[in-house]
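Letter by letter, the chains look like this.
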Amino acid sequence: MKLNICVLPGDGIGPEVTREALRVLKFVAESQGYDFRFTERAIGGTAIKQFGSPLPQPTIETCHKSDAVLLGAVGSPEFDNLAADKRPEAGLLGLRKALGGFANLRPAIAYQPIADCSPIKAEVLGKSDILFIRELLGGLYFGQPRGFEGNRDAAFNTMRYTVEEIERVGRVAFELARKRRKKVTSVDKANVLETSQLWREVITCLGKEYPDVKLDHMYVDACSMKIITSPTSFDVVLTENLFGDILTDEAAAISGSLGMLASATIGGKIDLFEPVHGSAPDIAGKGLANPLGAIASAAMLLRHTAKLENDARDVEDAIQEVLRAGYRTPDIKGKSKYVLSTEQMGKMVEQKLAEALDRRRAYHAV
Ligand code: IPM
Ligand code: MN
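The structure presented is a predicted model; accordingly, all values stated were derived computationally and were not measured. By convention here, each chain's residues receive numbers from 1 onward along its written sequence. Labels are handed out in written order, letters beginning with A for the chains and numbers beginning with 1 for the ligands. It should be noted that, the model being predicted, local features are given only for residues of pLDDT at least 70 and side-chain atom pairs only at 80 or more, the latter also being counted only at that level, while totals for whole chains, interfaces and linings use all residues. The basis for the side-chain values is all heavy atoms of the structure; hydrogens and waters are excluded.

**Q** Teacher, can you tell me more about the site of ligand 1 here?
**A** Put simply, a residue is near a molecule or strand once any heavy atom of it comes within 4 Å of that molecule or strand. Around ligand 1 lies a shell formed by Glu 89, Arg 96, Arg 106, Arg 134, Tyr 141 and Asp 245. Between ligand 1 and Arg 96 there is a distance of 2.7 Å, counted from an oxygen atom to a side-chain nitrogen or oxygen. Values of accessible area rely on a 1.4 Å probe in the Shrake-Rupley scheme; residue burial ignores everything except the protein chains shown. The protein chains hide 81% of the 320 Å² of surface that ligand 1 would expose on its own. Under this grouping Gly is polar, as are all residues other than the nonpolar Ala, Val, Leu, Ile, Met, Phe, Trp, Tyr, Cys and Pro and the charged Asp, Glu, Lys and Arg. Taken together, the residues of the shell around ligand 1 sort by class into one nonpolar, no polar and five charged. Polar contacts, as counted here, are pairs of nitrogen or oxygen atoms within 3.5 Å of one another; within protein the pair requires one atom able to donate a hydrogen and one able to accept it, and residues that are adjacent in sequence qualify only if both atoms are side-chain atoms.

Below you can see the structure in the form of structure tokens.
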């Protein structure tokens with residue numbers, strides 16, 4: 001198994017959490033005899049400083065030559081005054097567009113049996129396991145026209161969706177729901193927005209091709225409440241770009257912290273993997289960041305790009321093991337038995353992974 005991975009650590013805590021994800025990927029490669037090659041490139045504020053652009057040409061070129069891209073985070077307050085298209089975030093949005101992935105998969109799971117990671121009551125949380133599918137290349141993020149008017153006395157953005165854009169991401173949701181609990185909740189604001197009315201029409205029509213999958217529709221405001229009051233009622237949640245951005249930060253409460261959520265962006269030329277959290281400049285460089293979202297994103301890379309389902313699951317089990325044993329980074333709520341730094345947490349996942357492999361080898365040896 002050979003894999004070229006372009007690594008974009010980015011800004012703030014991005015480099016710290018990416019380092020731990022790489023530690024785990026390298027361990028998987030060494031222990032299984034895979035040939036993983038990593039090429040690091042600049043993006044975001046770091047790239048602005050080095051190259052004068054948040055998405056320099058060498059970064060795009062290396063990404064296009066790779067099998068997958070692993071990204072840390074972008075964003076830095078020192079660039080807050082720049083125009084939207086010059087900021088670090090523009091580098092990430094440009095990259096998403098260039099790689100073409102339109103379906104952003106964001107799982108939010110209640111790690112078991114350690115419900116104390118989540119601020120949600122254990123009896124409400126249950127065995128929550130939601131897969132959010134966020135449309136990633138349309139809506140307000142990319143719609144034209146956009147801009148300011150006059151002397152910045154007004155501003156506007158455009159929310160636009162084509163039938164094709166809705167259908168292709170909808171298909172990903174139905175296909176994935178088939179492999180899970182066979183339920184899709186499509187989230188929109190069809191009582192107000194035309195884009196949402198079209199969204200609902202297209203998804204309803206598509207749903208007829210998947211009679212084995214139960215489809216329901218929900219308004220985004222109602223959904224945002226239900227995620228907290230009844231998280232076990234969801235399986236796959238399908239929604240447009242901005243709604244998905246907001247709902248998945250909220251859904252981080254299910255796992256326990258924004259630092260724990262992973263994401264995979266698929267459907268385009270090159271798959272992109274990144275934790276859901278941002279660059280958290282306030283804690284950058286202090287060893288306080290939670291690397292589990294980045295490590296879980298690496299597991300998604302093993303699953304979706306490398307098709308190494310067993311290795312992906314091993315990494316996810318190791319994360320679970322670490323949490324079950326009571327290890328926490330400071331962002332995770334609840335009674336922390338052992339509080340670890342970013343690096344210690346990465347090493348702990350590696351250790352649990354090593355122990356699991358040893359156990360398996362010992363079992364096969366007898
Ligand atoms: C995310 C982030 C990005 C987004 C930002 C950094 C542009 O919040 O991946 O959720 O809004 O998509
Ligand atoms: Mn976000």
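**Q** Any chance you could explain the packing of helix H10 (residues 292–304) against helix H11 (residues 309–324) here in plain terms?
**A** When two helices pack together, their arrangement is given by the angle between their axes and by how far apart the axes lie. Axis definition: a line fitted to C-alpha atoms, over the contacting stretch in the case of helices. Angles run 0 to 180 degrees between N-to-C directions. The way it works is that DSSP assigns letters per residue, a run of H or I at least four long becomes a helix, a run of E at least two long becomes a strand, and they are numbered from the N terminus. One can describe the packing of H10 onto H11 by two numbers: an axis separation of 7 Å at closest approach and a directional angle of 160 degrees. By the angle between their axes, H10 is roughly antiparallel relative to H11. Crossing angle aside, the handedness with which H10 passes H11 is left-handed. Across from Leu 292, Ile 295, Ala 296, Ala 299, Leu 302 and Arg 303 in H10, the residues of H11 making contact are Glu 309, Asp 311, Ala 312, Arg 313, Val 315, Glu 316, Ile 319 and Leu 323. Broken down by class, the residue content of the contact of H10 with H11 amounts to nine nonpolar, no polar and five charged. With respect to orientation, any angle under 35 degrees is reported as roughly parallel, any angle over 145 as roughly antiparallel, any angle of 65 to 115 as roughly perpendicular, and every other angle as oblique. Crossing chirality is assigned from the near helix's rotation relative to the far helix, an anticlockwise turn below a right angle marking it left-handed and a clockwise turn marking it right-handed. The contact rule is simple, with two residues in contact once any of their heavy atoms fall within 4.5 Å.

**Q** Got a minute to help me understand the pairing of strand S1 (residues 2–10) in this structure?
**A** The two faces of the sheet receive side chains in turn, since in a regular strand these alternate between them. Across the nine residues of S1, seven count as buried, placing the element largely inside the fold. Strands are labelled as partners when DSSP assigns at least two bridges between them. As defined by bridge partners, S1 adjoins strand S2 (residues 35–40) across six bridges and the pair is classed as parallel. When the bridges of S2 are listed, Val 7 appears paired with Glu 40. Handedness of a crossover: with both strands directed away from the viewer, a clockwise path from the first strand across the helix to the second marks it as right-handed. Tracing the backbone out of S1, into helix H1 (residues 14–32) and back to the parallel element S2 gives a crossover that is right-handed. Direction of pairing for S1 relative to strand S3 (residues 68–73): parallel, over a ladder of five bridges. Note on exposure labels: buried denotes an accessible area under 20% of the residue type's maximum, exposed denotes more than 50%, and partly exposed covers the range between, all computed with a 1.4 Å probe on protein chains only.

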